[in-house]
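Below, each chain spelled out in residue letters.
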Amino acid sequence: MKSFRTIIVSLTLGLFLLSACGVRNPGPTTIPEAETVPSPVEVEETVVEEKEETSIVEDKEIVIRSMFTSDDVNARLEGSTSSDIRYVIGKATEVGLLRQAEEWSKIVYAGEVSFVATKYLSNHKPVATKLIVIDAGHQSKGNSALEPNGPGSTRMKAKVSSGTTGVTTGIREYELNLAVTLKLREELERRGYEVMLVRDRNEVNISNIERAEYANNARADCFIRIHANGSEDRSIAGTMTICQTSNNPYNTSSYEDSYRLSEEILQGILDKTGAKNKGIWQTDTMTGINWSRVPSTIVEMGYMSNPKEDVLLNTETYQDKIVEGIANGLDDYFN
């Protein structure tokens, strides 16, 4: 039997070893209820939901629709040129429209709200830069001298006429054509196109062959000729486009592109104006088309011989609709 001294020594040594190993009395332990401890998955889902909400909703506003920047644009803290620039948004960037006004629009981009100039926003994504040549049909004084209807053709036609005249307004067609052409240039440039005009004034002397050659020499991606129609029957109204036939002896290789261009632009105008659809007239009688080596179309906006349509064609609002329709048709053609 061990002595009492031996037992005491053994107990003392054991306590010393326990102390040296860092054993402590853990005390009472409280375990939280299971439902109060979210799993990692639950936490992650909560964070994602908060991000989605704050990225498109701010100040209790929601995105009306998507828009695209037509150029590099300054995004500002407030709707004013004197306001600080928050960042620059690159061309052809999609943004969310929160509120739109004539001069400034409130947008959300990359989760942040800012203001940009409305004129730099478009419903359509800009395409890669395309060169569009626009010919405002006719001129203030016609030229009755003759020129071949097509390359190598023995059929001769007058070089250019002054066009028709509005039966109600008395406005000359060449004036209307130029007014719409100038607006169209502005709209297309706003959308990122490069634009060249055959004429920018009425007092010129440019034949139909020269107009086509202007587009050819510029290597245009397409050639748009702006015209208005006339008829002895004053009841006729509506919009049409014109291109060559599939059997055109001068430029049949561009027929398919010219037809599709005519189709898209016609539909674009009809969608915006609600005008009567007069279709696509395919003919090989147009000098300006026959000499064109690039896809081309003639836009007959409406009939100046129709009293009501003549008045309509010469209003700013209707002209703006025609311009937007042509531009939308071009976007669809290239996209």
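The structure under discussion appears in the preceding block.
Just so you know, these numbers come straight off a predicted model, no measurement behind them.

A. Structural context of the side chain of Asn149. Here Asn149 lies in the loop between strand S9 (143-148) and strand S10 (156-160). A distance of 3.0 Å separates a polar atom in the side chain of Asn149 from the backbone oxygen of Thr285. Within the structure, the side chain of Asn149 is placed 3.0 Å from the side chain of Thr287, a separation counted as a polar contact. Look past the residues within four positions of Asn149 in its chain and what remains in contact with it is Arg155, Lys157, Asp284, Thr285, Met286, Thr287, Asn290 and Trp291.

B. How the structure looks around the nonpolar core. Counting residues in each nonpolar core, the largest one holds 30 residues, and the members touching the most others are Leu188, Ile224, Ile226, Met301, Ile326 and Leu330. For this core, the elements supplying multiple residues, two or more each, are strand S8 (131-136), helix H3 (173-190), strand S11 (194-197), strand S12 (222-229), helix H5 (255-273), strand S15 (296-303) and helix H8 (316-334). Looking at this core element by element, the count peaks at 7 residues for H8. In contact with Met301, other than residues within four places in its own chain, are Leu176, Asn177, Val180, Ile226, His227, Ala228, Gly238, Thr239, Leu313 and Ile322. Val133, Ile209, Ala220 and Trp291 belong to the second largest nonpolar core, which has 12 residues in total.

C. A look at the pairing of S15. For S15, the buried fraction is high: 8 of the 8 residues fall into the buried class. In the sheet, S12 pairs with S15 via 6 bridges, with the strands oriented parallel. Its bridge partner lying in S15, Arg225 is registered against Ile298. As paired strands, strand S13 (residues 239-243) and S15 are joined by 3 bridges and run antiparallel to one another. Bridging across to S15, Met240 finds its partner in Glu300.

D. Structural detail: the pattern of salt bridges. Using the criterion set out here, one finds 11 salt bridges in the structure. Note that Asp135 is salt-bridged to Arg211, the shortest N-O span being 2.7 Å. Of this pair, Asp135 sits in strand S8 while Arg211 sits in helix H4 (residues 208-218), and the two are 76 residues apart along the sequence. Assigned by exposure class, Asp135 and Arg211 land together as buried. Where salt bridges share partners, they join Glu187, Arg190, Arg191 and Asp331 into one cluster.

The rules behind these values
- Residues numbered from 1 in each chain as written.
- Predicted model: local features only at pLDDT ≥ 70, side-chain atom pairs only at ≥ 80, totals over all residues.
- Heavy atoms only, no water.
- Helix = DSSP H or I, 4+ residues; strand = E, 2+ residues; numbered from the N terminus.
- Polar contact = N/O pair within 3.5 Å; in protein donor to acceptor, adjacent residues only side chain to side chain.
- Contact = heavy atoms within 4.5 Å.
- Core = buried A, V, L, I, M, F, W, Y, C linked by side-chain atoms within 4.5 Å.
- Buried < 20%, exposed > 50% of the residue type's maximum accessible area, 1.4 Å probe, protein only.
- Pairing = 2+ DSSP bridges.
- Salt bridge = Lys/Arg side-chain N within 4 Å of Asp/Glu carboxyl O.

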